[in-house]
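Chain by chain, the residues:
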Amino acid sequence: MPMPVEIEMGESGEEARPYGEGPGMERHNLRYDADLAADQESVARDDRIFNAYPAPVSLLSQFSVCCLILNKTIGSGIFAQPYNVVSGAGSSGLALVLWILAPLVCLCAAICWAELALSIPRVLGIDGSMVATPKSGGNKNYLEYIYKYPDLLITCVYGIPFIILGNLSGNAIQLGVFMETIRDPTCTNDPDCLDRRRGQVVAWAIGALVLCAFTNIFTRRGAILFNNIFAVLKVSIVFIMIFVGIGWGTAHGNQCTQISFSAPAPAKNLPPGQIQFTGGSFSDVIQSFIFAMYPSTGFEQPFYVLAEVKQPRRKFVPAVMFTMFLILIFTPLLNTAYFCVNPYLGSSSEGPIGYPSSNPAVNYFSTISGASDNEVVRGTAFLFVFSIFANLLAVIYTGPRVKQEIAKEGILPKSLVFASGTDSLYDRWFAPSTRSPYSEDGPPVAIAKEQVPAAATLLHLSWETILVLAVGLSMSPTDAYNTLSFLYTYVITGILGFLVVAGLLYLRFDAWLHKHVLSGNGGRHWDEKSQWSVPYIGPLPCVISVLGLGLILFGAFAEPSSGARSVGTTQQKWWVKPLVGWCTLLLGVLWWLGIQFGQWQGRYKMWRKRTTYIEVDRHGDMVQTAEMVEIKKDFD
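As the structure is a computational prediction, the values presented were derived from the model and not from experiment.

A. Region of the structure containing the overall build of the chain. Along its length, the chain carries 23 helices and 12 strands. Within the chain, buried positions represent 61% of all 636 residues. Partitioning the intrachain contacts of the chain with sequence separation of at least 6 by distance along the chain shows that 80% fall at a separation of at least 24. Put simply, the chain shows about 24,300 Å² of open surface, and 63% of that area lies on carbon and sulfur atoms.

Have a look at this one:
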């Protein structure tokens with residue numbers, strides 16, 4: 001049996017066992033397969049579990065990494081949020097600037113995440129040096145490395161908000177809205193119609209979430225295949241919309257030239273009871289920036305499943321950077337196409353002035369096609385349902401795997417249940433018990449069937465359902481969608497993302513301080529540990545993302561101007577949603593205090609140990625192949 005070796009990662013008891021031999025190895029070494037099988041057989045205890053990572057041919061390719069990001073990006077946000085953005089910005093020109101700045105900030109954040117992802121955790125390699133081994137979990141790992149003390153505090157501060165809000169329940173509600181729109185297209189012209197159908201909207205939302213969860217539990221490979229197909233179709237649709245929209249606007253009065261930084265002229269002859277919104281204040285622009293950032297947060301998705309990526313040290317970062325640059329291009333261009341087809345004339349309490357729908361994509365297709373409103377609304381709704389379903393499917397693939405990593409730290413009741421992986425239903429029912437995951441001439445190694453985080457997926461689905469019921473039934477579908485999408489962006493990307501990028505900026509400053517001022521004494525030595533960074537630009541991505549995310553955190557509390565659409569909703573004060581976001585972090589602190597009190601009262605110390613099995617792939621890089629997690633109470 002290989003001897004345990006040191007791994008540098010957070011405060012939990014972790015170790016790594018080398019699994020395989022030498023930089024040139026292309027397949028499992030059979031002797032180590034026997035050791036791994038022996039370990040797996042030894043896990044017949046209540047205080048430990050054993051999880052196997054996907055076989056090499058089942059790992060995520062660069063293409064799949066790109067598709068995970070694109071499926072999160074092209075969901076409901078780029079179709080449903082543009083009106084929220086432009087009504088707060090007050091002009092089409094400023095709205096386009098926000099659609100550029102939002103993916104730019106997310107690109108800088110992705111660069112920071114990539115540096116951390118390829119640098120930690122650090123494992124004692126076969127040659128005796130400390131080397132980085134990419135690990136799933138995303139910013140959970142980075143926060144645990146940066147904020148090490150006190151033990152488990154940052155895990156709870158991250159884990160509890162992510163378990164509650166790390167899902168797309170808001171998008172599920174929006175899917176329900178479009179399903180009801182398909183049934184009755186006239187609802188798009190009746191503000192109270194969908195409000196009267198909250199129950200039906202919620203039922204559609206929960207049904208879609210259950211179907212996505214079942215797909216991910218039934219077959220991991222199938223879920224990835226669907227993810228890739230949907231992403232290709234959605235990107236194709238977006239670029240067709242861009243070229244057609246800009247071309248149509250240019251040919252019909254050169255309407256693209258009407259994009260301006262000036263506020264629209266005051267509307268005349270508004271129907272009784274409608275009020276024209278102005279927007280353009282500091283708070284209005286910040287709220288618009290949050291909504292513009294919502295689609296671009298897709299960069300997080302592949303970091304959550306990094307241990308399942310093929311050749312992560314060589315292929316992961318190029319895939320992420322390419323996709324983020326693609327998003328930086330098509331997001332503002334799609335909104336440009338919207339304005340070329342339908343110039344912005346102002347906003348009112350009932351939606352955009354001069355157009356039948358508050359959804360710019362519906363107005364886009366209606367203007368270009370010239371078809372009847374009902375036909376356009378129904379056809380566009382079909383497009384949105386398809387797009388959002390693929391969006392939900394991708395996030396239900398990645399989200400439960402983060403919750404699985406959170407559970408491995410022992411902070412949840414029955415943590416090992418949620419931390420465990422189980423055979424996918426397809427493999428359990430149809431796949432043989434032994435197979436070779438390698439090339440056809442490889443040895444017939446007996447391995448575990450492909451595992452999926454079934455319990456964590458049910459945890460993910462449970463919180464999605466709770467949010468859909470609680471928020472979807474208590475307010476109008478439009479307000480419910482805006483509330484949940486705001487909370488996701490504000491907490492998961494804003495607060496937690498800010499802690500990550502600010503922490504990396506601290507590590508960089510600490511390294512510079514101890515190297516150039518304190519003569520190398522003490523410090524975290526990040527300059528020696530960092531395995532990847534963009535040359536020549538230094539800490540610039542950290543600075544940009546810290547400023548951008550920090551602006552969101554504090555700007556959200558500024559009071560909107562009178563007559564502005566407060567945070568895209570009509571039922572809450574402007575400060576309620578950011579306050580709720582911070583309260584989820586406070587809940588994490590209280591959860592940690594509860595754990596400490598439980599240990600004190602029970603006179604025990606929670607002991608946890610994660611044994612990671614590593615393999616040197618054919619390119620000489622260390623990758624994870626399996627993990628054994630042990631959690632038990634150590635009584636005095």
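The discussion continues.
B. View of the state of the cysteines. The final tally for this structure, using the stated rule, is one disulfide. Between the sulfur atoms of C256 and its disulfide partner C340 the distance amounts to 1.9 Å. Taking the sign of the S-S torsion, 125° for the link of C256 and C340, the bridge is right-handed. With a gap of 84 residues between them, C256 in the loop between α11 (220-251) and β6 (276-277) and C340 in helix α14 (residues 312-341) connect regions that are remote in the sequence. For C340, a relative accessible area of 0% puts it in the buried group.

C. Looking closely at the side chain of S387. By the secondary structure assignment, S387 is in helix α16 (residues 373-407). Reaching out from S387, the side chain makes a polar contact with the backbone oxygen of I74 at a distance of 3.0 Å. Apart from the residues lying within four places of it in its own chain, the contact partners of S387 are I74, G75, F79 and K234.

D. Here's a closer look at the nonpolar core. Membership of the largest hydrophobic core comes to 164 residues, with the highest contact counts inside it found for F79, L116, F303, V320, M324, L392 and Y490. The biggest single contributor to this core is α16, with 17 residues. Those residues in contact with M324 that sit more than four places away from it in its chain are I69, P103, C106, L107, A110, S296 and F299.

E. Spotlight on the pairing of strand β3 (residues 48-52). Extensive coverage of β3 is indicated by the burial of four of its five residues. Judged from the five bridges that link them, β3 and strand β12 (residues 622-635) form a sheet pairing that is antiparallel. Considered in β12, the bridge of A52 is made with A626.

F. Inspection of the pattern of salt bridges at higher detail. Summed over the entire model, instances satisfying the criterion amount to 20 salt bridges. For the salt bridge of E115 with R508, the shortest nitrogen-to-oxygen distance reads 3.1 Å. With E115 in helix α5 (residues 92-117) and R508 in helix α20 (residues 477-516), this pair connects stretches of sequence that are 393 residues apart. For E115, a relative accessible area of 4% corresponds to the buried category. Within this structure, K140, E144, D151, E405, K408, E409, R608, R610 and E627 form a network of salt bridges that share partners.

G. Just the packing of helix α10 (residues 198-218) against helix α19 (residues 454-472), in detail. The geometry of α10 relative to α19 is characterised by a closest axis approach of 10 Å and an angle of 170° between their N-to-C directions. In terms of orientation, α10 lies roughly antiparallel with respect to α19. Along the contact surface, α10 presents R198, V202, A205, I206, L209, V210, A213 and I217, while α19 presents A454, T457, L458, L461, E464, T465, V468, L469 and G472. The residue makeup of the contact of α10 with α19, split by class, is 12 nonpolar, three polar and two charged.

H. Molecular detail of the packing of aromatic side chains. One pass over the structure, following the stated rule, counts 26 aromatic pairs. Ring centres 6.5 Å apart and planes at 75° place the aromatic pair F230 and F389 in the edge-to-face group. Separated by 159 residues along the polypeptide, F230 in helix α11 and F389 in helix α16 bring together distant segments of the chain. Both residues of the pair, F230 and F389, count as buried. When the centroid spacing of 5.7 Å and the interplanar angle of 40° are considered together, the rings of F597 and W600 count as tilted. Of this pair, F597 and W600 both sit in helix α23 (residues 576-602), three residues apart, which is roughly one turn of that helix.

I. Spotlight on unusual backbone geometry. Cis geometry is found at the peptide bond from Y149 to P150, where omega equals -10°. Of note, P150 is situated in the loop between α6 (139-146) and α7 (153-165). The phi dihedral of H525 falls on the positive side, at around 55°, and the residue is not glycine. Position of H525 among the secondary structure elements: in the loop between α20 and α21 (526-529). With phi around 55°, R603 is a residue other than glycine that occupies positive phi space. Along the polypeptide, R603 turns up in the loop between α23 and β11 (604-616).

Cut-offs used in this document
- Residues numbered from 1 in each chain as written.
- Predicted model: local features only at pLDDT ≥ 70, side-chain atom pairs only at ≥ 80, totals over all residues.
- Heavy atoms only, no water.
- Helix = DSSP H or I, 4+ residues; strand = E, 2+ residues; numbered from the N terminus.
- Buried < 20%, exposed > 50% of the residue type's maximum accessible area, 1.4 Å probe, protein only.
- Contact = heavy atoms within 4.5 Å.
- Areas by Shrake-Rupley, 256 points an atom, 1.4 Å probe, with all protein chains shown as cover.
- Disulfide = S-S within 2.5 Å.
- Polar contact = N/O pair within 3.5 Å; in protein donor to acceptor, adjacent residues only side chain to side chain.
- Core = buried A, V, L, I, M, F, W, Y, C linked by side-chain atoms within 4.5 Å.
- Pairing = 2+ DSSP bridges.
- Salt bridge = Lys/Arg side-chain N within 4 Å of Asp/Glu carboxyl O.
- Axes fitted to C-alpha atoms, helices over the stretch in contact; angles between N-to-C directions.
- Parallel < 35°, antiparallel > 145°, perpendicular 65-115°, else oblique.
- Nonpolar A, V, L, I, M, F, W, Y, C, P; charged D, E, K, R; others polar.
- Phe/Tyr/Trp six-rings, centres within 6.5 Å; stacked < 30°, edge-to-face > 60°.

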